[in-house]
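For reference, the chains in residue letters:
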Amino acid sequence: MIREHALLPVRPGQEAAFEAAFVEARPLIAQQPGFLDLTLSRGVESSSTYLLLVEWESVEAHEEGFRRSAQFPRWRELLHHFYEPKPVVEHYVEVPAGSADGTLPQH
């Protein structure tokens, strides 16, 4: 499982409109092959910054699947005009739990 991480810097004053647009956009991504789950969180200290976490079966499901899908242009049309500056999107893989005391294994 791959976790996509994106900090979304929404223009101040546009938060409610962004959240409404996201409700419309969510099904576009949720129907994609390889999509597993999604959470959108709003910053407490920075209320116009959102954290988007999307779980995918693979990086390819996101990069080659969703971003090249027929639904992606609509996703972009609904959401991308809210961002200033453009978000940085990165992919992460979970680190396995270490020993019982919570330390990571040594390499």
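In this text the structure is predicted, and so the values were computed from the model without any measurement.

Enquirer: For this particular structure, what's the right way to read the overall build of the chain?
Expert: A count of helical and extended segments in the chain gives three helices and four strands. What you see in the chain, going N to C, is helices and strands ordered as β-α-β-β-α-α-β. Approximately 6900 Å² of the chain is accessible, and the part contributed by carbon and sulfur atoms is 54%. Seen as two clouds, the 9 positive and the 16 negative side-chain charges of the chain have centres 8 Å apart.

Enquirer: Would you explain the layout of surface pockets in this entry?
Expert: It is a probe the size of a water molecule, rolled over the atoms, that shows where empty space is left. What the largest pocket holds in volume is close to 280 Å³. Lining of the largest pocket is provided by 15 residues; of these, R67, W75, H80, P87 and V89 occupy positions nearest its centre. A total of three residues in the lining of the largest pocket trace back to one element, the largest contributor, which is strand 1 (residues 2–9). Residues that form the lining of the largest pocket fall into these classes: ten nonpolar, two polar and three charged.

Enquirer: Looking at this structure, how should I read helix 3 (residues 72–79)?
Expert: Side chains of residues three or four places apart in an α-helix project in the same direction, reflecting 3.6 residues per turn. Of all the residues in helix 3, the buried ones are F72, W75, L78 and L79. Each buried residue of helix 3 sits inside an arc of 125 degrees when the element is viewed along its axis, so together they form one side.

Enquirer: Looking at this structure, I do not really get the pattern of salt bridges. What am I missing?
Expert: If the charged atoms of two oppositely charged side chains come close together, the side chains can form a pair. The full count for this structure, using the stated rule, is six salt bridges. A salt bridge links R42 to E19; its shortest N-O distance comes to 3.4 Å. Taken together, the residues R42 in strand 2 (residues 35–42) and E19 in helix 1 (residues 15–30) connect sequence positions 23 residues apart. Note on R42: relative accessible area 41%, which makes it partly exposed.

Enquirer: Mind showing me how you'd approach the environment of V93 here?
Expert: Residue position: V93 is located in strand 4 (residues 89–93). By relative accessible area, which is 60% here, V93 ends up exposed. For the pair V93 and R11, spaced 82 residues apart in the sequence, the C-alpha separation amounts to 30 Å. Leaving out residues up to four positions away in the same chain, V93 has contacts with M1 and I2.

Enquirer: Would you mind going over the sheet that holds strand 1 with me for this structure?
Expert: As a general point, the strands of a sheet are linked pairwise by backbone hydrogen bonds and lie either parallel or antiparallel. Reading across the sheet, the four strands line up as 2-3-1-4 and stay open at both edges, with antiparallel pairing between neighbours. The sheet is open, and its two edges are formed by strand 2 and strand 4, each paired on a single side. Recorded for the sheet is a direction-independent mean angle of 20 degrees between the axes of neighbouring strands. With seven bridges connecting them, strand 2 and strand 3 (residues 49–56) associate as antiparallel partners. Counted as the bridge partner of L38 is V54 from strand 3. Its contacts with the sheet put helix 1 on strand 1, strand 2 and strand 3, and the angle it makes with strand 2 is roughly 175 degrees.

Enquirer: I'm lost on the packing of aromatic side chains in this one. Help?
Expert: Aromatic rings in a pair are described by how distant their centres are and how their planes are angled relative to each other. Following the criterion strictly, the structure yields nine aromatic pairs and no others. Plain terms: the ring middles of F18 and F22 are 6.0 Å apart, the flat faces sit at 50 degrees to each other, and that makes the pair tilted. With F18 and F22 both in helix 1, this residue pair falls four residues apart, about one helical turn. Here F18 and F22 have matching classes, each one buried.

Each value, and the rule that gives it
Residues numbered from 1 in each chain as written. Predicted model: local features only at pLDDT ≥ 70, side-chain atom pairs only at ≥ 80, totals over all residues. Heavy atoms only, no water. Helix = DSSP H or I, 4+ residues; strand = E, 2+ residues; numbered from the N terminus. Areas by Shrake-Rupley, 256 points an atom, 1.4 Å probe, with all protein chains shown as cover. Lys, Arg positive; Asp, Glu negative; His and termini not counted. Charge placed at Lys NZ, Arg CZ, Asp CG, Glu CD. 1 Å grid on protein atoms, 1.4 Å probe; cavity = no way out; pocket = protein on both sides within 12 Å on 5 of 7 lines; lining within 4 Å. Points joined across faces, edges and corners; volume = space filled by probe spheres on them. Nonpolar A, V, L, I, M, F, W, Y, C, P; charged D, E, K, R; others polar. Buried < 20%, exposed > 50% of the residue type's maximum accessible area, 1.4 Å probe, protein only. Arc of directions from axis to C-beta. Salt bridge = Lys/Arg side-chain N within 4 Å of Asp/Glu carboxyl O. Contact = heavy atoms within 4.5 Å. Pairing = 2+ DSSP bridges. Axes fitted to C-alpha atoms, helices over the stretch in contact; angles between N-to-C directions. Phe/Tyr/Trp six-rings, centres within 6.5 Å; stacked < 30°, edge-to-face > 60°.

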